[in-house]
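Commentary on secondary and tertiary structure
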Amino acid sequence: MEFIKLIDIAKSTLNPRELSRSTYAGSVAAVILTDKGNIYKGVCIDSPCSMGFCAEHAAIAAMITAGESRIDKLVAICETGEIVPPCGRCREFINQIHDENYKCQVQLKDKIVTIAELLPERWN
């Protein structure tokens, strides 16, 4: 599957909204394509005290729940429609979920890179 299709899915997954007076959700959406060709989606939850999580974590949780762990491609979109790279925590999380996920392709604004390229000095 091409990244353009994954980007469209991510854009349609965005759903920014206020959950409570201090917590927001859906301003970033992530889409994962697994090695088996399945798609998993997630949105971020932004809350005080660092209790929220990134859209990539939500998509990974859905993937793990379905019994998969190998990620082939990933893209994340913010509410402005821009492609955003995974944060450092997400990069490391992706890498640790499966031993081959360092090969995962990530769509950036102007190029496609691997998790290995985003984590050049991996600790494991």
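A brief report on the enclosed structure follows. (Residues numbered from 1 in each chain as written. Predicted model: local features only at pLDDT ≥ 70, side-chain atom pairs only at ≥ 80, totals over all residues. Heavy atoms only, no water.)

**As for the pattern of salt bridges**
- Within this structure, the stated rule accounts for 2 salt bridges.
- Residue lysine 103 is joined to glutamate 100 by a salt bridge in which the shortest nitrogen-to-oxygen separation is 2.6 Å.
- Of the residues examined, glutamate 100 reaches a relative accessible area of 28% and is grouped as partly exposed. (Salt bridge = Lys/Arg side-chain N within 4 Å of Asp/Glu carboxyl O. Buried < 20%, exposed > 50% of the residue type's maximum accessible area, 1.4 Å probe, protein only.)

**A look at the nonpolar core**
- In terms of nonpolar packing, the biggest core is built from 15 residues, with Ile32, Ile71, Val106 and Ile115 touching the most fellow members.
- With 3 residues, helix α2 (residues 55-65) is the single largest residue contributor to this core.
- Not counting residues within four places of it along the chain, the set of residues in contact with isoleucine 115 comprises Arg91, Ile94, Asn95, Asn101, Tyr102, Cys104 and Val106.
- One finds Phe3, Ile7, Ile9 and Leu14 within the second-largest nonpolar core, a separate group that totals 13 residues. (Core = buried A, V, L, I, M, F, W, Y, C linked by side-chain atoms within 4.5 Å. Helix = DSSP H or I, 4+ residues; strand = E, 2+ residues; numbered from the N terminus. Contact = heavy atoms within 4.5 Å.)

**As for unusual backbone geometry**
- You will see that cysteine 49, though not glycine, has its phi angle at about 65°, which is positive.
- Considering the arrangement of structural elements, one finds cysteine 49 in the loop between β3 (39-46) and α2.
- Residue cysteine 49 is classed as exposed on the basis of its relative accessible area of 68%.

**Here's the deal with the pairing of β3**
- Pairing geometry for strand β2 (residues 24-34) and β3, over 7 bridges, is antiparallel. Each bridged residue has a counterpart across the sheet, and for alanine 25 the counterpart in β3 is isoleucine 45.
- Counting the residues that bridge the hairpin from β2 to β3 gives 4 residues, and of these glycine 37 lies at a positive phi of roughly 85°. (Pairing = 2+ DSSP bridges.)

**Regarding α2**
- Every buried residue of α2 is listed here: Ala55, Glu56, His57, Ala58, Ala59, Ile60 and Met63.
- On its buried face, α2 is in contact with β2, β3, β4 (71-78) and α3 (88-97).

**A short note on the packing of α2 against α3**
- The N-to-C vectors of α2 and α3 enclose an angle of 15°; their axes lie 10 Å apart at closest approach. Between α2 and α3, the interaxial angle falls into the category roughly parallel. For the pair α2 and α3, the sense of crossing is left-handed. Across the interface between the two elements, Glu56, His57, Ile60, Met63 and Ile64 of α2 pack against Arg89, Cys90, Phe93, Ile94 and Ile97 of α3.
- Here the residues of the contact of α2 with α3 sort into 7 nonpolar, 1 polar and 2 charged. (Axes fitted to C-alpha atoms, helices over the stretch in contact; angles between N-to-C directions. Parallel < 35°, antiparallel > 145°, perpendicular 65-115°, else oblique. Left-handed = near helix turned anticlockwise from the far one by under 90°. Nonpolar A, V, L, I, M, F, W, Y, C, P; charged D, E, K, R; others polar.)

**Notes on the environment of glutamate 79**
- By the secondary structure assignment, glutamate 79 is in the loop between β4 and α3.
- A sequence separation of 68 residues divides glutamate 79 from lysine 11, and the C-alpha atoms of the two residues are 8.1 Å apart.
- If sequence neighbours within four positions are ignored, glutamate 79 has contacts with Leu14, Pro16 and Ser27.

Nothing here speaks to function; it is geometry throughout.
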